Amino acid sequence: MLVNDEKKEWLERIRDTFNNKIPFNQVLGLRVHALDTDRPMIRFDMHEALVGNYIKGSLHGGVVSAVIDVTGGLAAFMGLQKKLAGEPVDVKLEKFSKLGTIDLRIDYLRPGIGQQFEASGYVLRTGNKVAVTRIELCNESDQLIAVGTGAYVIA
């Protein structure tokens, strides 16, 4: 039972960090939807401040980029957590202070039109110092808006 309680605490603290302690995530309205070590997901709703093309009402490219970056960082962090299995929760969470983007490539596939968006990411490789992730951003109709590949320092 203690193991399940520790896992629940660990996941809640990660969710709290991404949802409540990173002001930029709050500005964009990002919320962690799923905290899976293999494929975490972030959701957000469209609102006026996120519009880039006011005629089409589509997401600003910078918003797309930022969401892909945040999701890639979360995927890298969760991939690192997987490598740290068995370590105390505080040791696992302390690694967040080391996380940073090294490189990010984004392919914009179609205009970001929709009311709700979901980004998911997964790790391609988690090394000792760098994690490489793949990220997808879709709208509520499951249309692929953009994809990205990110490299993140994790140590």
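Figured I'd write up the structure that's included with this text. None of the values given here were measured: they were computed from a predicted structure.

1. Things to note about the overall build of the chain
The secondary structure content of the chain amounts to four helices and eight strands. Listed by position from the N terminus, the elements making up the chain come as α-α-β-β-β-β-α-α-β-β-β-β. Rg of the C-alpha trace for the chain: 16 Å, near the compact-globule value of 15 Å for 155 residues, within the 12% margin. The C-alpha extent of the chain, read off along each of the three principal axes, is 50 × 30 × 25 Å. In the chain, which comprises 155 residues, the share counted as buried stands at 41%.

2. Brief notes about the packing of aromatic side chains
What the rule picks out here adds up to four aromatic pairs. Here the aromatic rings of Phe-44 and Phe-117 are separated by 5.2 Å at their centres, their planes lie at 20°, and the arrangement is stacked. Taken together, the residues span a long stretch of sequence, with Phe-44 in strand S2 (residues 41–45) and Phe-117 in strand S6 (residues 116–126) at a distance of 73 residues. Here Phe-44 matches Phe-117 in class, with each residue buried. Plain terms: the ring middles of Phe-77 and Phe-96 are 5.7 Å apart, the flat faces sit at 90° to each other, and that makes the pair edge-to-face. One end of the pair, Phe-77, is in helix H3 (residues 61–83); the other, Phe-96, is in the loop between helix H4 (89–94) and strand S5 (100–108), and 19 residues separate them in sequence. Residue classification places Phe-96 among the partly exposed positions, given a relative accessible area of 27%. An aromatic cluster is built from Phe-18, Phe-77 and Phe-96, whose rings are joined through pairwise contacts. In this arrangement the basic side chain of Lys-92 is found over the ring face of Trp-10, its NZ or CZ atom lying 4.6 Å from the centre.

3. Some details on the pattern of salt bridges
Following the criterion strictly, the structure yields eight salt bridges and no others. For the salt bridge of Arg-15 with Glu-12, the shortest nitrogen-to-oxygen distance reads 3.5 Å. Placement of the pair is Arg-15 and Glu-12 together in helix H1 (residues 2–20), with a separation of three residues, close to one helical turn. Classification of Arg-15 by relative accessible area gives partly exposed; the value is 23%.

4. Quick word on the layout of surface pockets
In this structure, the largest pocket occupies an estimated 230 Å³ of space. Forming the walls of the largest pocket are twelve residues, and the residues nearest its centre are Lys-7, Trp-10, Ala-85, Gly-86 and Lys-92. With four residues, H1 is the largest single contributor of residues to the lining of the largest pocket. Split by residue class, the lining of the largest pocket holds four nonpolar, three polar and five charged.

5. Quick notes on H3
Compared with the 33 Å implied by 1.5 Å per residue over 23 residues, the 33 Å span of H3 between its first and last C-alpha is a close match. With 17 of 23 residues buried, H3 lies mostly within the body of the structure.

Parameters and conventions
- Residues numbered from 1 in each chain as written.
- Predicted model: local features only at pLDDT ≥ 70, side-chain atom pairs only at ≥ 80, totals over all residues.
- Heavy atoms only, no water.
- Helix = DSSP H or I, 4+ residues; strand = E, 2+ residues; numbered from the N terminus.
- Rg over C-alpha atoms; globule rule 2.2 N^0.38 Å.
- Buried < 20%, exposed > 50% of the residue type's maximum accessible area, 1.4 Å probe, protein only.
- Phe/Tyr/Trp six-rings, centres within 6.5 Å; stacked < 30°, edge-to-face > 60°.
- Lys NZ or Arg CZ within 6 Å of the ring centre and 35° of its normal.
- Salt bridge = Lys/Arg side-chain N within 4 Å of Asp/Glu carboxyl O.
- 1 Å grid on protein atoms, 1.4 Å probe; cavity = no way out; pocket = protein on both sides within 12 Å on 5 of 7 lines; lining within 4 Å.
- Points joined across faces, edges and corners; volume = space filled by probe spheres on them.
- Nonpolar A, V, L, I, M, F, W, Y, C, P; charged D, E, K, R; others polar.
- Expected span 1.5 Å × (residues − 1).

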